[in-house]
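# A closer look at the structure
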Amino acid sequence: MLSSKSVRQMFVCLVLLRPAITGISAAGQSSSTLCAPTAHAVVLYAPESNLERREIETLRTAKVSVDVAMYSFTDRELAAELVHLARSGVRVRVYRDSRESMQENQRGSSITPTLLAGGVEVRVKASQELMHFKSYVIDGALLRTGSANWSPTGLKRQDNDVHYEIDTTLAALFENRFEAMWQRATNRMATTPAQ
């Protein structure tokens, strides 16, 4: 009999592997280069794949926690999904870069007020040294890395990749790094729309 963890891993792999299995892109074009799966890993490429849609499908597998370190984050669909998760009882934490977060505020593209209003915890690195991660972990098991920021352009139009891997050891390495960043005494706590 399969354990619940094995069933969950198979489900996540099937969600992520669907383009590879069907050979059909989000645009309906047949392609063998959209997804490069291994036993527990998937790599997807934009603009051929709609990474925004894939990210939403992946986030929907969360049951306990999502820890996100994202350099640029202006995608409202992904913000809405994180809010939905937080409101359903999943602990969602988002760690941001100071300069990029400030520039998004100035451009009027910040999603921080949406996240905060929806129960998502947000902290911002105070140092001017870049926080350049584009990564997250779901439930301590699925690690997402890659070059794609969470912006509509980065997820759907630019040449970018995302790499998903189900590996608790790799997930724990990122979680340790995330926790160290999250706990920095110099962080700014995002508590108002102005941040």
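Higher on the page you've got the structure.
The notes below deal with the structure included here. (Residues numbered from 1 in each chain as written. Predicted model: local features only at pLDDT ≥ 70, side-chain atom pairs only at ≥ 80, totals over all residues. Heavy atoms only, no water.)

### Structural notes on the overall build of the protein
Counting its secondary structure elements, the protein contains seven helices and eight strands. Pairs at least 24 residues apart make up 74% of the contacts formed inside the protein by residues separated by at least 6 positions. When the accessible surface of the protein is split by element, carbon and sulfur atoms take 55% of a total near 9200 Å². (Helix = DSSP H or I, 4+ residues; strand = E, 2+ residues; numbered from the N terminus. Contact = heavy atoms within 4.5 Å. Areas by Shrake-Rupley, 256 points an atom, 1.4 Å probe, with all protein chains shown as cover.)

### Quick notes on the pairing of strand β7 (residues 160-166)
Within β7, five of the seven residues are buried, which leaves it mostly tucked inside the rest of the structure. Pairing analysis gives six bridges linking strand β1 (residues 41-46) to β7, with the strands arranged antiparallel. Within β7, the residue paired with Ala-41 across the bridge is Glu-165. (Buried < 20%, exposed > 50% of the residue type's maximum accessible area, 1.4 Å probe, protein only. Pairing = 2+ DSSP bridges.)

### Some words on the packing of aromatic side chains
Each aromatic ring pair is summarised here by two numbers: the centre-to-centre distance and the angle between the ring planes. All told, the structure shown has six aromatic pairs when counted by the stated rule. Between Phe-73 and Trp-150 the ring centres are 4.9 Å apart and the planes differ by 75°, which places this aromatic pair in the edge-to-face class. Here Trp-150 lies in the loop between β6 (142-146) and α6 (152-156) and Phe-73 lies in the loop between β2 (65-70) and α3 (76-87), a separation of 77 residues in the sequence. A relative accessible area of 0% means that Trp-150 is categorised as buried. Considering the side-chain rings of Phe-174 and Phe-178, the 6.1 Å spacing of their centres and the 45° angle between planes classify their relative orientation as tilted. Of this pair, Phe-174 and Phe-178 both sit in helix α7 (residues 168-182), four residues apart, roughly one helical turn. What makes Phe-178 buried here is its relative accessible area of 0%. In textbook terms, an aromatic cluster arises when at least three aromatic residues are bridged by ring pairs, as seen for Tyr-95, Phe-133, Phe-174, Phe-178 and Trp-182. (Phe/Tyr/Trp six-rings, centres within 6.5 Å; stacked < 30°, edge-to-face > 60°.)

### Digging into the side chain of Arg-144
Positionally, Arg-144 belongs in strand β6. There is a polar contact of 2.6 Å between the side chain of Arg-144 and the side chain of Glu-55. Filtering out sequence-adjacent residues up to four positions away, Arg-144 remains in contact with Glu-55, Met-70, Lys-134, Ser-135, Tyr-136, Trp-150, Leu-155, Val-162, His-163 and Tyr-164. (Polar contact = N/O pair within 3.5 Å; in protein donor to acceptor, adjacent residues only side chain to side chain.)

### What about the environment of Val-92?
Its location among the elements puts Val-92 in strand β3 (residues 91-96). Here Val-92 falls in the buried class, since its relative accessible area comes to 2%. When the C-alpha atoms of Val-92 and Val-122 are compared, they prove to be 8.7 Å apart, with 30 residues separating the residues in sequence. If we ignore the near neighbours within four places in the chain, the residues touching Val-92 are Val-66, Leu-82, Leu-85, Ala-86, Val-120 and Glu-121.

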